Amino acid sequence: MRHVYSGKVRDVYELESFDPPRLLMVASDRVSAFDVVMAEKVAGKGQILTAMSCWFMDLTSDIVPNHLVEALPTPAGVGEPIAPDFVGRSVVTRRAQMVELECIVRGHLAGSAFKEYVAQGTVHGHPLPSGLQLASPLPEPIFCPSIKNAVGHDENISVERAREMFGAELVDRLAQTSLAVFARGSEAAAKAGIVLADTKFEFGHLEGELLLCDEVLTPDSSRFWEADALEPGREPVQFDKQPLRDYLESTGWDKTPPPPALPGEVLDTLAARYRSVYERITGMPFEDWLARAEAAASTGAASFGD
Ligand SMILES: Nc1ncnc2c1ncn2[C@@H]1O[C@H](COP(=O)(O)OP(=O)(O)O)[C@@H](O)[C@H]1O
Ligand SMILES: [Mg+2]
């Protein structure tokens, strides 16, 4: 396999023995905050993200086809034996032509959307009723496209602007699909007492088909909140990197590399939160995923190299 890309969290390889080429996307245990990757790793994070994304892709495959070829890679699907380091944290996908539009759906007010609302009463240019607070539910979930600007930072844009840039037909389809996947995800989370506040999807084209790509409904691409503790106006209890952000803020770090060293306690808290959101929503122990991944990775492995 040929290494083609490393992002903040994932490493992407092209599997050259397939035509058309497939990708192997490997989620590492790296963790970033304020756009800076930390020196330490969160044990098991990449495997949990992978397990959760695959579970949601399966749950939503009747709404939109996705890029997965193998959620649990086998040596035959990869074209070579699977390195032990990759087990449970990699997927084999079809390579798509990515649509350079981040498809965000927001059901509750948080992050940059909350800041925009406070400043001008809109979210991605979409007017909202007055009186909403941090974490308030929106009257209904809204599609909030965003693009990477020249500096590489995400920039919220209006749906009208997205339609001008990408064509009305495509944007309307992305909006409809994103809202439908979001609704399915919210429903699954709600059953576990968890609120899906917002999330980001990425889509791609392959042979005229629109595919749901990248990662789907993971704590890295979404905000998941404890439903019981939710109170508009107060900082929600999140299942993501909030403990990391809080720790970093407490050190007075200026958010430029190198980041401060992280205490083991903060790393353990993060690992436990990622694991608990996965187990609560899917209702399955994380160990089951690891066992299935091990089994798939060893399928027919003996036939390689002999
Ligand atoms: N099916 C696919 N085909 C091609 N590219 C994809 C596919 N799914 C995801 N990608 C791209 O692969 C990369 C995944 O790496 P990631 O660690 O998320 O990087 P980043 O830090 O740039 O978000 C992203 O650039 C994403 O757009
Ligand atoms: Mg990404």
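If you're wondering where the values come from, they're calculated on a predicted model, not measured in any experiment.

Draft legend 1. Region of the structure containing the overall build of the chain. In terms of regular secondary structure, the chain is built from 8 helices and 16 strands. In terms of C-alpha radius of gyration, the chain reaches 20 Å, essentially the compact-globule figure of 19 Å for 306 residues. Relative to its full complement of 306 residues, the chain shows a buried share of 38%. For the chain, contacts bridging at least 24 residues in sequence account for 63% of all contacts bridging at least 6.

Draft legend 2. Local environment of the sheet that holds strand S2 (residues 10-15). Taken in spatial order, the 5 strands make up an open sheet running S1-S2-S3-S7-S6, and their pairing is antiparallel. If you trace the sheet from one side to the other, it starts and ends with strand S1 (2-6) and strand S6 (68-70), each paired once. Adjacent strand axes in the sheet meet at a mean angle of 35 degrees when their direction is disregarded. Where strand S3 (residues 22-27) lies against strand S7 (residues 90-94), 5 bridges are found, and the strand directions are antiparallel.

Draft legend 3. Spotlight on the domain arrangement of the chain. Segmenting the chain into domains produces domain 1 (2-96 + 242-301) and domain 2 (98-226). Those elements that place two or more of their residues in the side of domain 1 that touches domain 2 are helix H1 (45-59) and helix H7 (264-282). Here the side of domain 1 that touches domain 2 takes 6 residues from H1, the largest share from any one element. Residues belonging to the side of domain 1 that touches domain 2 are distributed by class as follows: 13 nonpolar, 4 polar and 2 charged.

Draft legend 4. Structural context of the pairing of S3. Most of S3 sits inside the fold, with 6 of its 6 residues counted as buried. Because side chains alternate across S3, one face comprises the buried residues Arg-22, Leu-24 and Val-26, and the other comprises Leu-23, Met-25 and Ala-27, equally buried. Pairing of S2 with S3, which is carried by 6 bridges, proceeds in the antiparallel orientation. Looking across to S3, one finds that Asp-11 is bridged to Val-26. Turn length for the S2-S3 hairpin, with the two strands adjacent in sequence and antiparallel, is 6 residues.

Draft legend 5. Representation of the site of ligand 1. The environment of ligand 1 is formed by 17 residues, the closest being Gly-7, Arg-10, His-67, Cys-213 and Asp-214. Counting residues per element, the ones that place at least two in the shell around ligand 1 are S2, S7 and strand S14 (194-206). Structurally, the shell around ligand 1 is a two-domain feature, drawing no fewer than three residues from each of domain 1 (2-96 + 242-301) and domain 2 (98-226).

Draft legend 6. Structural detail: the packing of helix H6 (residues 242-251) against H7. Two elements in contact, H6 and H7, have axes whose closest approach is 9 Å; the angle formed by their N-to-C orientations is 155 degrees. In terms of their interaxial angle, H6 and H7 are classed as roughly antiparallel. Of the residues in H7, those in contact with Pro-243, Leu-244 and Tyr-247 of H6 are Val-266, Thr-269 and Leu-270. Here the residues of the contact of H6 with H7 sort into 5 nonpolar, 1 polar and no charged.

Draft legend 7. View of the pairing of strand S16 (residues 222-226). Here S16 lies mainly inside the structure; 4 of its 5 residues are buried. When S14 meets S16, the two strands line up antiparallel, connected through 5 bridges. Residue pairing across strands places Leu-196 opposite Phe-224, the latter belonging to S16.

Draft legend 8. Molecular detail of H6. By the burial criterion, the buried members of H6 are Leu-244, Tyr-247 and Leu-248. Viewed along the axis of H6, the buried residues span an arc of 95 degrees, placing them on a single side of the element. Opposite the packed face of H6, turned more than 90 degrees from it, sit the exposed residues Asp-246, Glu-249 and Ser-250. On its buried side, H6 packs onto strand S4 (30-33) and H7. Positive backbone phi, approximately 75 degrees, marks Gly-252, located one or two places after H6.

Draft legend 9. A look at the nonpolar core. Formed by 75 residues in total, the largest nonpolar core has its most connected members in Leu-24, Met-52 and Leu-212. Looking at which element gives the most residues to this core, the answer is H1, with 8 residues. Summarising the domain contributions, this core has at least three residues from each of domain 1 (2-96 + 242-301) and domain 2 (98-226). Once you skip the residues sitting within four places of it in the chain, Met-52 turns out to touch Leu-217, Thr-218 and Tyr-278.

Draft legend 10. Region of interest: the packing of helix H4 (residues 159-166) against helix H5 (residues 168-191). Direction vectors running N to C along H4 and H5 enclose 130 degrees, while the axes themselves pass 7 Å from each other. Put simply, H4 runs oblique to H5. Between H4, through Val-159, Ala-162, Arg-163 and Phe-166, and H5, the contact on the second element is made entirely by Ala-168, Leu-170, Val-171 and Ala-175. Here the contact of H4 with H5 is composed, by residue class, of 7 nonpolar, no polar and 1 charged.

Calculation criteria
- Residues numbered from 1 in each chain as written.
- Chains lettered and ligands numbered in written order.
- Predicted model: local features only at pLDDT ≥ 70, side-chain atom pairs only at ≥ 80, totals over all residues.
- Helix = DSSP H or I, 4+ residues; strand = E, 2+ residues; numbered from the N terminus.
- Rg over C-alpha atoms; globule rule 2.2 N^0.38 Å.
- Buried ≥ 20, exposed ≤ 12 C-beta atoms within 10 Å, placed from the backbone.
- Contact = placed C-beta atoms within 7 Å.
- Pairing = 2+ DSSP bridges.
- Axes fitted to C-alpha atoms, helices over the stretch in contact; angles between N-to-C directions.
- Domains from an automatic or database assignment.
- Nonpolar A, V, L, I, M, F, W, Y, C, P; charged D, E, K, R; others polar.
- Near = placed C-beta within 6 Å.
- Parallel < 35°, antiparallel > 145°, perpendicular 65-115°, else oblique.
- Arc of directions from axis to C-beta.
- Core = buried A, V, L, I, M, F, W, Y, C linked by C-beta atoms within 7 Å.

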